[in-house]
Amino acid sequence: TGTINIGSSTADAVTVSAVSHDLTTTMLSWSNRTREFVMPTVDTGVAFAFKPADRQALTWATDLAWGFQRRKLDSELAVGGQTWDVRSGLEYWFHDTFALRSGANAKDLNVGAGVRYHHISVDYAATLNRFFAGSDAPVSSSARLDATHILSAGWSW
């Protein structure tokens, strides 16, 4: 995992990163004697942080997920055994207290909000699964996912 920060001040900055998962291939052994292999993946990304006004922050991030699992059916781009998925999102903070978030993860739309007060934070996120899969073949009703909701609370010191 590596991260490089580039920027002339703490107000505006560019972050470039890369991370690898399952670099040596991971084997899963199930109790029914089935074995699965999780192939390596690499994520590369860039984030741009801006201060559009006093006590406001805006961050735009995008990354490219590189896969080697030959899963052509649900990837955005596929050539041979290589697949790529694009993920992108925006986060806006007002007075370092209220946050609004939106993003796309391959074919899913993500939205969210957050509140931070001193050491306590509460965040909500929702994923609209396959929101951008309009031109894809229809998914059977047994494989279709409803919206996913996540509510979290945190305490920092």
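What you see is a predicted model, and the numbers here were worked out from it, not measured in a lab.

Draft legend 1. Examining the overall build of the protein chain more closely. On a plain count of helices and strands, the protein chain comes out with zero helices and 12 strands. Listing every helix and strand of the protein chain by position from the N terminus yields β-β-β-β-β-β-β-β-β-β-β-β. The 157 residues of the protein chain split such that 18% are buried. Across the protein chain, the fraction of contacts at a sequence separation of at least 24, relative to all contacts at a separation of at least 6, is 33%. A total of about 11,200 Å² of accessible surface is found on the protein chain, and carbon and sulfur atoms cover 62% of it.

Draft legend 2. How the structure looks around the side chain of Asp108. With respect to the element layout, Asp108 can be found in strand β10 (residues 108-117). Although buried, Asp108 forms no salt bridge, and the nearest oppositely charged side chain, Arg130, lies 6.3 Å from it. A polar side-chain atom of Asp108 sits 2.7 Å from the main-chain amide nitrogen of Arg130. Setting aside anything within four residues of it in sequence, one finds Asp108 in contact with Gly103, Thr127, Leu128, Asn129, Arg130, Phe131 and Phe132.

Draft legend 3. How the structure looks around a nonpolar patch on the surface. There is a patch of nonpolar side chains on the surface, built from Ile120, Val122, Tyr124, Leu151, Trp155 and Trp157 and spanning about 790 Å² of accessible area. Contributing elements (two or more residues each) for the nonpolar patch: β11 (120-128) and β12 (148-155). Looking at the nonpolar patch element by element, the count peaks at three residues for β11. Secondary-structure assignment places Val122 in strand β11.

Draft legend 4. A look at the side chain of Asp43. Residue placement: Asp43 occurs in strand β5 (residues 41-50). A polar atom in the side chain of Asp43 sits 3.5 Å from the side chain of His21.

Draft legend 5. Local environment of the layout of surface pockets. The calculated volume of the second largest pocket comes to roughly 230 Å³. Taken together, 16 residues form the lining of the second largest pocket, with Gly89, Leu90, Glu91, Arg101 and Ser102 sitting closest to its centre. Those elements that place two or more of their residues in the lining of the second largest pocket are β6 (56-67), β8 (82-94), β9 (98-105), β10 and β11. Of the residues in the lining of the second largest pocket, the class split is seven nonpolar, seven polar and two charged.

Cut-offs and rules
Residues numbered from 1 in each chain as written. Predicted model: local features only at pLDDT ≥ 70, side-chain atom pairs only at ≥ 80, totals over all residues. Heavy atoms only, no water. Helix = DSSP H or I, 4+ residues; strand = E, 2+ residues; numbered from the N terminus. Buried < 20%, exposed > 50% of the residue type's maximum accessible area, 1.4 Å probe, protein only. Contact = heavy atoms within 4.5 Å. Areas by Shrake-Rupley, 256 points an atom, 1.4 Å probe, with all protein chains shown as cover. Lys, Arg positive; Asp, Glu negative; His and termini not counted. Salt bridge = Lys/Arg side-chain N within 4 Å of Asp/Glu carboxyl O. Polar contact = N/O pair within 3.5 Å; in protein donor to acceptor, adjacent residues only side chain to side chain. Patch = residues over 30% accessible without salt bridge, like charges linked within 9 Å, V, L, I, M, F, W, Y side chains within 5 Å. 1 Å grid on protein atoms, 1.4 Å probe; cavity = no way out; pocket = protein on both sides within 12 Å on 5 of 7 lines; lining within 4 Å. Points joined across faces, edges and corners; volume = space filled by probe spheres on them. Nonpolar A, V, L, I, M, F, W, Y, C, P; charged D, E, K, R; others polar.

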